[in-house]
Amino acid sequence: MARLKQTDQKTTSIPQPEKIVVALILLVGCLSRVLFLSSSGIEHFDEGVYASNLWFSAEQGAEYPGRFYYAPPLFPFLIEWSMIFLGSGPLGVFLPSLLFGMLTVLVTWWVAREWFGPAAGLVALTLASLSDLHLLYSRVALTDVGLGFCLLLAVYLTRKSFISLDWKWPLLAGIVTGAGWSIKYNGWLPLVVGISGLIPWVLFRRRQLQRSASYFLRWLVVVIVAFLVWSPVLIGLQKSGGYSVVAANHSRYVVGFSGWFHSFWRQWQNHRLLEGTSGFLSLGLVCLALCLLCVCSRIPKSGNQPAEISDSQTPGSTWNLTLLGLFAATPILLSAFVGISPVLGLLASAGILLQLFVPAGRFRLPLSTGQVQVSDDELNRELAAWLLAAWFCGLLLATPLYYPYPRLTIPWTISAWLGTAAFAGWLEQRAGGSLFELFQSSAGSGRNRFRISPAVGVVAVAVLLVVAFKPWTMVAWQSRDDLKAIAQNILADLRSQSDSSSENAILYTYAEPALFFNIQSQGHPLTGPVADLEFLNSLSTQNPAYLIVGPHAATDPDFQKQFNAVRERFELVHSYDYSPSLLVRLNQSSPGEAAETEPVLLYRAR
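Remember, predicted model here, so these are calculated numbers, not experimental data.

Draft legend 1. Broad picture of the environment of G101. Structurally, G101 is set in helix 4 (residues 90–116). In sequence terms G101 and F149 are 48 residues apart; their C-alpha atoms lie 7.4 Å from each other. Ignoring anything within four residues of it in the chain, the contact list for G101 reads R33, H134, S138 and V145.

Draft legend 2. Region of the structure containing the environment of G528. Tracing the backbone through its elements, the reader meets G528 in strand 2 (residues 527–530). In contact with G528, not counting residues within four places along its chain, are L507, Y508, T509 and F516.

Draft legend 3. Spatial organisation of the environment of V343. Here V343 lies in helix 15 (residues 340–357). For V343, a relative accessible area of 3% corresponds to the buried category. Separated by twelve residues in the primary sequence, V343 and P331 have C-alpha atoms spaced 6.1 Å apart. Beyond its immediate stretch of four places on either side in the chain, V343 contacts L283, P331, L334, S335 and V338.

Draft legend 4. Highlighting helix 9 (residues 189–204). If you check helix 9, its first and last C-alpha atoms are 24 Å apart, about what 16 residues at 1.5 Å a residue would give, namely 22 Å. Here the buried face of helix 9 lies against helix 7 (144–163), helix 8 (168–183), helix 10 (213–237) and helix 16 (376–398).

Draft legend 5. Quick look at the pairing of strand 2. As judged from the four bridges shared by strand 1 (residues 506–510) and strand 2, these two strands associate in the parallel manner. Note that in strand 2 the partner of Y508 across the bridge is G528. Note on the crossover from strand 1 through helix 21 (residues 513–521) to strand 2: the handedness is right-handed.

What counts and what doesn't
- Residues numbered from 1 in each chain as written.
- Predicted model: local features only at pLDDT ≥ 70, side-chain atom pairs only at ≥ 80, totals over all residues.
- Heavy atoms only, no water.
- Helix = DSSP H or I, 4+ residues; strand = E, 2+ residues; numbered from the N terminus.
- Contact = heavy atoms within 4.5 Å.
- Buried < 20%, exposed > 50% of the residue type's maximum accessible area, 1.4 Å probe, protein only.
- Expected span 1.5 Å × (residues − 1).
- Pairing = 2+ DSSP bridges.
- Right-handed = clockwise from strand over helix to strand, strands pointing away.

Below, the structure is given as C-alpha cells:
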C-alpha cells in the first residue's frame, strides 16, 4: 500500500444551530469577563510591575525597576499602550488580559472542533467560557492568560505544520510561539509539546508516513522562527546580566521532586477554593452533552424502528436510559466532593486514551504495518491526540515542580478542557453523526423525545442539586480594589497635614509595586519605588518624605534589618487595614492560613 502524503485536513461546514449555540456561549463567556470590572484594581505584586511603564521616563528606563526579573517586555508594553488610549482605569489596565481571555475561549472551541469534532468544540467552549480560574485571571494584569492563548494557538499551528505542505504554517507557529515567549519566559512550551507529540506519532506510523524526516525539519523551522522572534528579549537582557540572571531568580521558586506532592496538593486546594457557581454549571452542561451523545447513539433514528417493538425491547428503554443518566451525572456529583479540576483530569485522561487506543470502539495500537493502515482523517486525529497527551501529561508532571501559584496551572487547565472535549468527540465519532444531527434525529418524534427525558432528567436534577447546595460564588467578580482605596486614603491624609503641602511630598514605596501604581494613578507624580533606605541621606525641607510599607516588607528580612537600624528616623503617621483578595492570599500562604487583614504603614522620614 502506498504511503500517505501530507494533506490539508478538511473542515466540515458549521450548521446554523451550532453557530447560534456557539455565539450564545461565547457571549456569556465575554460578558462574564467584563461585568463588574470597576470593582477590580491593581493588587498583585507582579501587576504593579507590569502596569507601571507609563510612570517612568526614558531616562529611568521606561519601566519598573527590575521588570526583567518577572517577565519579558511584551505584556507590559501592551498594557502601556492600552493605558495611553484608555487611561489608568480598570479597562485600560486589564484590556490585554481581557482580549487574550476572550480569544482563548474562541480558539479553544475552534481547535477542539477541528481536532475531534463539533461536540468536542461545544464542550471545550463551555468549559473555557465559564472556568472560574480563567475568568479570574482574564481580569488581572498578569501574563498567564496571554501565555495560555499563545500556547493553545501555537500548538494548533504546529499541528497544521505537520499535516500540511504549506510552509506558512511553520512560520506562523514560530511567530506565535515567539510572541508567547516574549510574554512569559516559559513561552517555549509549544516547542516541547510539538516534538513530544511528534515523536510517538512518527514512531508508530512510520510505515504509513511519507518522508518522516520532513516533519522534524518543519518542527526545526518553528524553533528557529520562534527564537528569532524572541531574540530581541535575549539581547535586551544583556545589559542586566543576561538570561542567567533571570534563570537564577526563577530557580528560587523551584521546589523540585522533593516538594512535588506538597505542591500538587496545594494546587488542588487552590483550585477548590477558586471554583464557584459558573464552574459547576459548565461541568453540568458538559455532563448533559455527554448524556445526549450516549442516549442519541443508542436510540434508533426517527422512522427506523418497527412499530411492533416495545420500549422495553429497545436499547433505549426507560430503565437503561435512567441508568445511563446516572452514569453521565457521575462527573458533576463527584466534583461536589473532590472539585472540578480532578474530574476534568479524569475525563481528559479517558478522552486522550480512547482517541489513541480505542478510536473505533475496539482496542487497537496506533501502529501502521504493511497490512494495517488508517485514513488521513484518523491519522491527523491521532497526531492531535499525541500532541494533547504530551501537553496534558507533561504539565501534570512539571507544574508541581514549581511553587504552587494558582496561575501556573492555566496551561494545564486548557489541556484538560481539550482532553474532556476529546472524550465527547470520541462518543460523537461512535454515534456516527454530530451532536445536533443526532439530537434532531432522535427527538424527531414524541416517542423518542420521551425516551430521552429520563436520562436528561437525571443529569439535570444532579446539576441542580450540586449548584443549589454549593455556595453561590463568583471569585472573578469579588472586589479587588482595596489598595486603590488605601492609596486614596494616604493622599487624603497627606492633604490634611497642616505643616506641609501634600503636592510637594515625596512618597517612597518599599516592595509594593501595586501601591506605587495606585498612588501614581491617583495623580501624585512624586512617588517612587525603593529597594533600600538610602533616601534618608538626601532629605529636603521643601519636600517632606514618606515611606510606605506593606505585607511584602513585613516578610522581608533585609528590610527589617535596614529599618531597625534607623528606626528613630521614622515617625508613624497612619496604619491602614488592607484586606487582600483570595487571588493574593493564595499566592502568599497556604489555603486557610492567610490573614484576613494586613497593615499598610505610612511613615514620615525625619
